[in-house]
Structure formats: structure tokens, C-alpha cells
Amino acid sequence: MSNTTEKSTGQLKGIRSWHGAAIRVLVGIRLGLINDACKSDAINALSGKSPKTFNISNLNLHSRAAYHAIKKARMTTQAKSLGIEILHEYNLVA
């Protein structure tokens, strides 16, 4: 099983298991739905730093909070487009 993901619209490069959580956290922060307590962990995760430099459990906790906040606020469409912007911002799209 590979750590990279492919989509029909393009290929994502070097996506790790924690990137999804980090993107969801940044989306929640940018939409103003969660606080930015975990922002540095999310940025370190997306910047390609070692997992030892950020707290993965904290990232997962805030990711779940962001997921529920996005669903409750009915902002899934905005969240998806913002998530794509973040993928491009951190050069995770080939």
C-alpha cells in the first residue's frame, strides 16, 4: 500500500496520512469555525517536516472538531474549494 493518492483530475504527490487532518484543520481555521491552537502543527505537517516536529494526536483531535464544525455550519462546498487551494499552496499537487 502506497502513501500517495491519485485522483482522476490530477496526481497528488507525497500525501501522507496526516496531510488530510492538517488540511481539514487549516480549512476550519480559515473559515473561522475553530480556533488556531493547532495551526503550527498543521503547517509543520504540510511543510514536509518530520512527524517528530508536530503533535499528530493533537492534529487529529482538531481535525475531528473542524469536520463537525464544517458539517454543522453547512459549509462543505466552501471547505472543499478551500482545501484544494491549500493543496496548491503547499505544492502537494503535481
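Definitions and limits used
- Residues numbered from 1 in each chain as written.
- Predicted model: local features only at pLDDT ≥ 70, side-chain atom pairs only at ≥ 80, totals over all residues.
- Heavy atoms only, no water.
- Helix = DSSP H or I, 4+ residues; strand = E, 2+ residues; numbered from the N terminus.
- Buried < 20%, exposed > 50% of the residue type's maximum accessible area, 1.4 Å probe, protein only.
- Contact = heavy atoms within 4.5 Å.
- pLDDT = per-residue confidence, 0-100.
- Axes fitted to C-alpha atoms, helices over the stretch in contact; angles between N-to-C directions.
- Parallel < 35°, antiparallel > 145°, perpendicular 65-115°, else oblique.
- Left-handed = near helix turned anticlockwise from the far one by under 90°.
- Nonpolar A, V, L, I, M, F, W, Y, C, P; charged D, E, K, R; others polar.
- Expected span 1.5 Å × (residues − 1).
- Arc of directions from axis to C-beta.

1. What to know about the side chain of His-62
Okay, so step 1: Position of His-62 relative to the elements: it lies in helix 3 (residues 56-72).
Okay, so step 2: Its relative accessible area of 15% is what places His-62 among the buried residues.

2. Brief notes about helix 2 (residues 39-46)
Okay, so step 1: Among all positions in helix 2, only Asp-41, Ala-42, Asn-44, Ala-45 and Leu-46 are buried.
Okay, so step 2: Buried residues along helix 2 sit against helix 1 (17-30), helix 3 and helix 4 (76-89).
Okay, so step 3: At the exit of helix 2 stands Gly-48, carrying a positive phi of roughly 80°.

3. What about the confidence of the model for the protein chain?
Okay, so step 1: Averaged over all residues, the pLDDT of the protein chain equals 85, while 84% of them reach at least 70.
Okay, so step 2: Within the protein chain, no element has a lower average pLDDT than strand 1 (residues 6-7), which sits at 44, and none a higher one than helix 3, at 94.
Okay, so step 3: Throughout residues 1-8 the model reports pLDDT below 50, and contacts reaching past four residues in sequence, or to other chains, amount to 8 contacts.

4. Things to note about the packing of helix 1 against helix 3
Okay, so step 1: Orientation of helix 1 relative to helix 3, taken along the N-to-C sense of each, is 50°, at an axis distance of 8 Å. It follows from the interaxial angle that helix 1 and helix 3 lie oblique. Considering only the axes of helix 1 and helix 3, their crossing is left-handed. In contact with Trp-18, Ala-21, Ala-22, Arg-24, Val-25, Val-27 and Gly-28 of helix 1, helix 3 contributes Ile-56, Leu-59, Asn-60, His-62, Ser-63, Ala-66, Tyr-67 and Ile-70.
Okay, so step 2: When grouped by side-chain class, the residues that make up the contact of helix 1 with helix 3 number 10 nonpolar, 4 polar and 1 charged.

5. Considerations on helix 4
Okay, so step 1: Look at helix 4: 20 Å from first C-alpha to last across 14 residues, which is about the 20 Å you get at 1.5 Å a residue.
Okay, so step 2: Within helix 4, the full set of buried residues consists of Ala-79, Leu-82, Gly-83, Ile-86 and Leu-87. Within helix 4, the buried residues cover an arc of 150° as seen down the axis, which keeps them to one side. Residues of helix 4 that are exposed and angled more than 90 degrees away from the buried face: Thr-77 and Lys-80.
Okay, so step 3: Lining the buried residues of helix 4 we find helix 1, helix 2 and helix 3.
Okay, so step 4: The first or second residue beyond helix 4 is Asn-91, which carries a positive phi of 55°.

6. What to know about the packing of helix 1 against helix 2
Okay, so step 1: Across the interface, helix 1 lies against helix 2 with an axial gap of 9 Å and an inter-helix angle of 135°. Here helix 2 runs oblique to helix 1, going by the angle between their axes. Along this stretch, helix 1 crosses helix 2, giving a crossing that reads as left-handed. In contact with Trp-18, His-19, Ala-22, Ile-23, Val-25, Leu-26 and Ile-29 of helix 1, helix 2 contributes Lys-39, Ala-42, Ile-43, Ala-45 and Leu-46.

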